[in-house]
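Results of the structural survey
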Amino acid sequence: MIPAAFEYHRPDSVEDAVKIISDHGDEARVVAGGHSLIPMMKLRMTGLSHLVDLQGIGGLKGISVDGGTVTIGAMTTQHELIADDQLAASAPIIREAALQIADPQVRYMGTIGGNVANGDPGNDMPGLMQCLAATYTLVGPSGERTVSAREFYEAAYFTAREDDEILTSISFDASASGYAYEKQKRKIGDYATAAAGVLISKDGGSCSAASIALTNLADTPIYCEEAVAKLVGSSLSGDDISAAVAAAVGASDPSEDNRGPVEFKKHAAGVVVRTAIERAIERA
Amino acid sequence: MEKMHLKLTVNGEQVETLAEPRELLIHVLRERLDITGPHIGCETSHCGACTVDMDGKSVKSCTVFAAQANGADITTIEGLGNPDGLHVLQEMFKEHHGLQCGFCTPGMITRAYRLLQENPDPTEEEVRFGMAGNLCRCTGYQNIVKSILAAAAEMNAAKEAAQ
């Protein structure tokens with residue numbers, strides 16, 4: 001389980017890191033916590049000859065809440081997300097989701113930036129970020145640009161990030177919505193068989209805003225526009241919820257693997273979406 | 001590939017060694033520094049037998065490159081206690097039969113150490129959740145949990161007595 005040899009870099013600025021990955025093209029990869037990349041390197045399923053460790057770049061860590069906008073540095077770990085009380089007040093769905101990712105040791109190392117940038121359909125943060133309508137900041141040789149999480153994912157491991165860009169931070173609006181991240185998994189530490197993030201706001205008896213996104217139910221996360229349309233403006237009756245669940249399951253496109261056949265995964269999708277909607281309504 | 005000059009603090013001592021960047025921290029500890037307390041179990045980030053404390057975090061040292069650990073402060077089971085002076089967690093694992101074959105124990109105790117640093121008075125459920133990254137193939141979980149809860153109680157009693 002020893003990976004192929006590589007040259008190790010630990011730059012202390014984003015500019016230097018971008019320069020190294022621009023110089024070496026697809027021979028270079030950045031590493032954040034490494035808990036997705038290193039196992040792939042050990043299996044020799046990822047070949048690279050330059051590893052660019054981002055741990056020395058101080059500006060990539062940290063959580064700030066400013067005027068209702070939450071900004072999280074890409075190198076912020078799952079453990080730090082869970083521990084941050086200000087974040088828990090501004091976006092409690094993040095703590096709920098992060099506690100369901102992997103195990104304690106992995107959460108000390110695994111970062112939000114790695115989780116969202118990797119493009120692994122099994123990762124929880126991409127769906128969560130689509131639910132929160134987050135924006136990713138990418139820095140490349142020609143400067144900085146932003147991409148919506150809902151437009152970032154193209155296929156499994158393929159994203160809108162160019163090879164010479166680094167995802168540096170994530171931002172989204174703080175929300176007082178009801179929330180839930182519901183994940184069905186075979187055992188602790190596993191990727192989701194099906195998971196859903198839901199946000200719901202109520203105004204009087206009706207739903208004034210909603211967001212629903214799915215994890216590991218297609219080769220990208222899925223933002224469920226149709227399901228959201230079933231809830232917004234409705235009175236959130238049993239029928240409204242069932243219509244939204246059906247629309248979300250309809251938007252899913254799971255494939256058969258060791259977590260089960262397609263039918264089972266669609267069934268699990270229905271269960272997690274319904275549970276998440278109901279819990280979000282209770283908290284709204 | 002050229003070797004890197006690594007400087008680490010391991011169990012309070014400054015150590016230096018040469019290693020290829022691709023070497024995993026567990027291999028550097030065991031094979032270059034002769035610190036064989038942390039074990040190689042699954043080598044796939046699942047079992048936690050290789051858990052060490054790195055800069056105040058429990059990490060699986062099979063999933064950290066030596067190069068990433070350069071400059072880090074590392075504590076292994078050897079740094080927690082020794083046969084002449086067991087750590088209270090070691091005492092309680094002994095007392096409550098928290099080990100059978102013992103293979104997972106260094107990782108269990110090193111992880112439990114950090115858990116109790118962060119949460120000195122955990123519930124049973126918090127212990128189980130906090131130990132979820134460590135597997136015991138003898139499946140001796142009941143007594144592992146019991147040992148950790150007993151260690152927490154001992155440590156808290158000692159703290160109170162000192163006040």
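Rules used throughout
- Residues numbered from 1 in each chain as written.
- Chains lettered and ligands numbered in written order.
- Predicted model: local features only at pLDDT ≥ 70, side-chain atom pairs only at ≥ 80, totals over all residues.
- Heavy atoms only, no water.
- Buried < 20%, exposed > 50% of the residue type's maximum accessible area, 1.4 Å probe, protein only.
- Helix = DSSP H or I, 4+ residues; strand = E, 2+ residues; numbered from the N terminus.
- Pairing = 2+ DSSP bridges.
- Patch = residues over 30% accessible without salt bridge, like charges linked within 9 Å, V, L, I, M, F, W, Y side chains within 5 Å.
- Areas by Shrake-Rupley, 256 points an atom, 1.4 Å probe, with all protein chains shown as cover.
- Salt bridge = Lys/Arg side-chain N within 4 Å of Asp/Glu carboxyl O.
- Contact = heavy atoms within 4.5 Å.
- Buried area = accessible area lost by both parts, 1.4 Å probe.
- Polar contact = N/O pair within 3.5 Å; in protein donor to acceptor, adjacent residues only side chain to side chain.
- Axes fitted to C-alpha atoms, helices over the stretch in contact; angles between N-to-C directions.
- Domains from an automatic or database assignment.
- Nonpolar A, V, L, I, M, F, W, Y, C, P; charged D, E, K, R; others polar.

For the rest of this paragraph, the subject is the pairing of strand β3 (residues 50-53) of chain A. Residues and elements named next belong to chain A. Burial of β3 is two-sided: the residues H50 and V52 facing one way and the residues L51 and D53 facing the other way are all buried. Alignment of strand β1 (residues 7-9) against β3, held across three bridges, turns out to be parallel. In the sheet register, E7 faces β3, and the bridge partner there is H50. Across four bridges, strand β2 (residues 28-31) lies against β3 in parallel orientation.

Let us look at a nonpolar patch on the surface. A cluster of nonpolar side chains, M1, L43 and M45 of chain A, forms an exposed patch at the surface whose accessible area comes to about 310 Å². Topologically, M1 of chain A is positioned in the segment before β1.

Here the focus is the interface of chain B and chain A. At the interface, 33 residues of chain B touch 32 residues of chain A. Summed over both sides, the interface of chain B with chain A buries roughly 2600 Å², with 65% coming from carbon and sulfur. It is R22, F65 and Q68 of chain B that lose the most area in chain B upon contact with chain A, and together they represent 26% of the buried surface on that side. In this structure, the salt-bridge partner of D103 of chain A is K60 of chain B, at a minimum N-O distance of 2.6 Å. Joining chain B to chain A, the criterion identifies 13 residue pairs in polar contact (both at pLDDT 80 or more). When contributions to the side of chain B that touches chain A are tallied by element, the ones reaching two or more residues are β3 (51-54), β4 (57-60), α4 (105-118) and α5 (124-130) of chain B.

Let us look at the sheet that holds β1 of chain A. Sheet strands line up and pair through hydrogen bonds in the backbone, either parallel or antiparallel. All names here are of chain A. Judged by pairing direction, the sheet is parallel, and its three strands sit side by side in the order β1-β3-β2 without closing on themselves. Two strands close off the open sheet at either side, each with one partner strand: β1 and β2. Across this sheet, the average inter-strand angle for adjacent strands is 25°, counted without regard to direction.

With that settled, the discussion passes to the domain arrangement of chain B. All names here are of chain B. Segmenting chain B into domains produces domain 1 (4-79) and domain 2 (88-157). Distance from the C-alpha centre of domain 1 to the C-alpha centre of domain 2: 21 Å. Listed as interface residues are 18 residues of domain 1 and, on the opposing side, 14 residues of domain 2. Overall, the association of domain 1 and domain 2 removes approximately 1200 Å² of surface from exposure, summing both partners, and the carbon and sulfur fraction of that is 57%. Counting across the interface, domain 1 meets domain 2 through one salt bridge. We note a salt bridge from D53 to R114, for which the minimum N-O separation is 2.9 Å. For the pair domain 1 and domain 2, the interface holds seven residue pairs in polar contact (both at pLDDT 80 or more). Within the residue set of the side of domain 1 that touches domain 2, elements represented by two or more residues are β3 and β4. Split into classes, the residues belonging to the side of domain 1 that touches domain 2 amount to five nonpolar, 10 polar and three charged.

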